[in-house]
Amino acid sequence: MTDVGIDAIEVWVSNLKLDLPKTFAPENGEDPEKYTKGLGLFASSFPDSYEDIVTMAANASYRLMERNGLEPADIGRIDVATETAFDKSKPVSTYVAGCLEQVYGKSLTNANKGERKFACISGTQSLNDAYNWIASGRNRGRGALVIATDTALYERGDAGEATQGAGAVAMFIDEDPDIVTLSKEQGIGSADETDFLKPNQQFPSVDGHRSMQVYLARMREALEDYKAAAGDIHPDDIVYGPFHTPFPGMVKKAAVLAYRNVIRDTEVADELEAEVGRQPEPEDFTDQEDYLAALREYTDSLRDTERYQRWYKERIRPTLTISREVGNWYTGSVHVARTSALLDGYDRDRDLVGSQMIVGSYGSGAQAEIHAETIQPNWKRAIGRLDIQEQLDSRYDLSFAEYELIHDNHNLDLETDVEPLTTPDDEFVFAGWGPMGERKYQFVA
Ligand code: COA
């Protein structure tokens, strides 16, 4: 079978920024270190009043096409993953296609369009749909445009307000891709859970602390399922491990558990035995509580070893660099983590061709998925085209009063007109409502 994977990536960081330690924490009477040290977050990105999930998706897609010389005829499929859609029938992908047709003056009539829903994991599910479509040979030589776009806002005063964010990631999936190929093997861990949901409401009902436990449980199941399909994973064979990142502190918790899992019965565990003891096994205990206490103690000691710290610093921490500055992008989050890892490799001029990443996605409700990605010979050319740092640096820094207004402006239950705080430049903007309640968009050169 031909190799299938990600040929191009583009990220659209929305135009506003909320500084969490400097602006948000003091207004809430909180210690700024809850953000910088506890959650691992420095800022959230926010959409200006003329931005929404469509403009961010269309802007990421248009840049992706321009930078990679793609034309509408190259695209046979447009799938949008989002958990902040504003329409229960008309998919966001149709709006995005309309935007692209405006600027290219060419039609996307024969491109199949859809929208995927399963909380934050639907971006990866769309990626897998594109993979399957191409691998089945139904693509007729064309690629798939997969877009993850969200405005991840929480109700004012909700604990989740600390982890908000907004942005879009567009990816072109194709045969013989430039960036990574996806493994045929994948692992799934899934269960009927109610950790985060939005039953016909804009802002989520979320039990954040419970969601963290569900994330870890489903991720472990997915890892076991992946190993059953693909064989054992050696931690030193993984160049980077991008995970879904609702906030970087979550990944920090997940990484040590993943490390503990994959070193079991390996020479790494043997070599660490003198320092941290032997990994507790359930059959060694008659009492479950004693087993869990021993496991916690072992995990804490493992986390403190120099070997683990080095592994985390090299292979996991670089996946969090963008997330620390933008917050949670829901469906885009794991794709931001992958991009962040590859940018680290690019900035350090690393030779990564043929190296493997293990990618862990999660969606509340709940499901985790794990697959491997192999870095391809042209990855540097593709990653070198990104300008994420410039986008981060040019965001407008919100005062707390402006943040309150912008939050109200994006609250669908309120009618708050807010003058834009930035000036659109070479991008799609929301341009008002049509007669059937549809949204209108135009490109501002
Ligand atoms: N210095 C250092 N660390 C601090 C601190 C300080 N001054 N104050 C708090 N912290 C640490 C806490 O110990 C905690 O870390 P820990 O989990 O390792 O113990 C962390 O910062 C967060 O503090 P906490 O009190 O738990 O914050 P919170 O009650 O406001 O909730 C979330 C945090 C993440 C649960 C909440 O923001 C949330 O629900 N977010 C949404 C998550 C979500 O949407 N999940 C679904 C998608 S996956």
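Residue positions are given per chain, counted from 1 along the sequence in the order it is written. In keeping with the model being predicted, local features are shown solely for residues with a pLDDT of at least 70 and side-chain atom pairs are shown and tallied solely at 80 or more, while totals for entire chains, interfaces and linings include all residues. The side-chain figures draw on all heavy atoms in the structure; neither hydrogens nor water molecules are used.

1. Here we look at the packing of aromatic side chains
1) Next: For Phe, Tyr and Trp, where Trp contributes only its six-membered ring, two rings pair if their centres lie within 6.5 Å, and the inter-plane angle classes them as stacked under 30 degrees, edge-to-face over 60, or tilted in between. All told, the structure shown has 22 aromatic pairs when counted by the stated rule.
2) Next: Judged by centre distance (4.7 Å) and plane angle (50°), the ring pair of Tyr259 and Trp311 falls under tilted. Highlighted residues: Tyr259 in helix H7 (residues 248-263) and Trp311 in helix H10 (residues 306-315), separated in sequence by 52 residues. Exposure class is identical for Tyr259 and Trp311. Each is buried.
3) Next: Three or more aromatic residues link up through ring pairs in this structure, and these residues are Phe24, Tyr35, Phe46, Phe400 and Tyr403.
4) Next: The criterion is that NZ of a Lys, or CZ of an Arg, lies within 6 Å of the ring centre and within 35 degrees of the ring normal, and then a charge sits over that ring. Directly above the ring of Tyr95 sits Lys90, whose terminal nitrogen or CZ lies 4.6 Å from the centroid.
5) Next: Sitting over the ring of Phe430, Arg439 keeps its end group 5.6 Å from the ring centre. Numbering of helices and strands runs from the N terminus; a helix is a DSSP stretch of H or I covering at least four residues, while a strand is a stretch of E covering at least two. Residue exposure (1.4 Å probe, protein chains only): buried if accessible area is under 20% of the type maximum, exposed if over 50%, otherwise partly exposed.

2. Some words on the sheet that holds strand E5 (residues 112-116)
1) Next: Within the open sheet, the nine strands sit side by side as E5-E4-E6-E7-E1-E8-E13-E12-E11. Their pairing is mixed. Every interior strand has two partners, whereas the edge strands, E5 and strand E11 (238-240), have only one. Averaged over all pairs of adjacent strands, the angle between strand axes in this sheet comes to 30°, irrespective of strand direction.
2) Next: Both strand E4 (residues 75-81) and E5 contribute to a ladder of five bridges, which runs parallel. The residue of E5 that forms the bridge with Asp79 is Gly114.
3) Next: Along the sheet face, helix H3 (residues 53-67) touches strand E1 (4-13), E4, strand E6 (143-152) and strand E7 (165-175) and points at about 145° away from the line of E6.
4) Next: Contacts are residue-level and defined by heavy atoms, with any inter-residue pair within 4.5 Å sufficient. Note on geometry: axes are C-alpha line fits, over the in-contact stretch for helices, and angles between N-to-C directions span 0 to 180 degrees. Those strands touched by helix H5 (residues 122-135) are E1, E4, E5, E6, E7, strand E8 (180-190), strand E12 (356-363) and strand E13 (367-375), and its axis lies near 160° from that of E4. Pairing between strands is defined by DSSP: at least two bridges between the two strands are required.

3. Comments concerning the nonpolar core
1) Next: What is meant by a nonpolar core is a set of buried Ala, Val, Leu, Ile, Met, Phe, Trp, Tyr and Cys residues, joined one to another through side-chain atoms within 4.5 Å. Of all hydrophobic cores here, the largest spans 55 residues; its most connected members are Tyr215 and Ile263.
2) Next: If near-sequence neighbours (up to four positions away) are discounted, Ile263 is found in contact with Pro235, Val268, Ala269, Leu272, Gln279, Tyr298 and Leu302.
3) Next: Counting 36 residues, the second largest nonpolar core, distinct from the first, contains Ile9, Met171, Met357 and Leu386.

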